[in-house]
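# Survey of secondary and tertiary structure
Letter by letter, the chains look like this.
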Amino acid sequence: MTSAVRGSPYSGVVAGLALRTIRSGLSVTQTLLAGMLEMDTSAIKGWETGRRPLGHARAADVQNLKFRLKLLGATPNQLAILDDSIKADWILAATVNPEPGPHPLAHQVVTRDANQLLAWPLTGAIPNRLGGGTSRPVLGSAQRDQVYDALRESSERSQIGRA
């Protein structure tokens with residue numbers, strides 16, 4: 001992850017809510033999952049609320065999390081959605097708190113799943129592959145405005161380039 005994510009006022013709410021939806025769908029408590037990961041329950045709570053963005057976790061911890069979720073019955077689709085949700089948080093963070101240099105979208109191919117995850121905090125539409133969740137990641141109105149402004153600005157710049 002880049003420093004754009006770490007320094008951003010935007011947190012990892014997309015990945016956190018995706019994790020919570022998957023964990024809840026498996027009928028697993030935060031305490032049980034924390035025990036399996038040999039972590040404190042506060043780490044799981046932090047990931048799920050976005051207070052400790054999952055994208056900031058060590059790669060080994062994320063892989064261990066996915067392995068344990070698989071043992072608990074998570075499907076390959078559910079596990080893949082975690083990777084896409086971390087990417088969505090990274091893109092949203094870089095949009096809300098831009099830094100010099102290319103934006104992550106300048107060198108990413110955004111899949112349909114990642115696109116739905118990016119739209120989730122903006123529209124409230126639950127991504128197809130996640131399913132079953134009823135919550136929506138919270139993106140404050142000022143942050144939503146920043147995302148929309150950045151998208152509009154990018155669109156206008158691309159139109160100038162075509163003229």
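Higher on the page you've got the structure.
Since the model is a prediction, treat every value here as computed from it, not as a measurement.

## Details of the pattern of salt bridges
Summed over all chains, the structure comprises four salt bridges. Across the pair R58 and D61 runs a salt bridge whose closest N-O atoms are separated by 3.1 Å. By relative accessible area, R58 is classed as exposed at 55%.

## Examining the side chain of S85
Within the secondary structure layout, S85 lies in helix α6 (residues 76-96). On the accessibility criterion, S85 (0% relative accessible area) is buried. If we ignore the near neighbours within four places in the chain, the residues touching S85 are V14, A15, A18 and L117.

## Focus on α6
Its 21 residues give α6 an end-to-end C-alpha distance of 30 Å, which sits within 8% of 30 Å, the value for a rise of 1.5 Å per residue. Here α6 lies mainly inside the structure; 16 of its 21 residues are buried.

## Section: the packing of helix α3 (residues 30-37) against helix α4 (residues 41-49)
Between α3 and α4, whose axes approach to 8 Å, the crossing angle comes to 115 degrees. By the criterion of interaxial angle, the relationship of α3 to α4 is roughly perpendicular. Here α3 and α4 pass one another in a crossing that is right-handed. Where α3 approaches α4, its residues Q30, T31, L33, A34 and L37 are matched on the opposing element by T41, I44, K45, W47 and E48. Of the residues assigned to the contact of α3 with α4, the class counts are five nonpolar, three polar and two charged.

Conventions used here
- Residues numbered from 1 in each chain as written.
- Predicted model: local features only at pLDDT ≥ 70, side-chain atom pairs only at ≥ 80, totals over all residues.
- Heavy atoms only, no water.
- Salt bridge = Lys/Arg side-chain N within 4 Å of Asp/Glu carboxyl O.
- Buried < 20%, exposed > 50% of the residue type's maximum accessible area, 1.4 Å probe, protein only.
- Helix = DSSP H or I, 4+ residues; strand = E, 2+ residues; numbered from the N terminus.
- Contact = heavy atoms within 4.5 Å.
- Expected span 1.5 Å × (residues − 1).
- Axes fitted to C-alpha atoms, helices over the stretch in contact; angles between N-to-C directions.
- Parallel < 35°, antiparallel > 145°, perpendicular 65-115°, else oblique.
- Left-handed = near helix turned anticlockwise from the far one by under 90°.
- Nonpolar A, V, L, I, M, F, W, Y, C, P; charged D, E, K, R; others polar.

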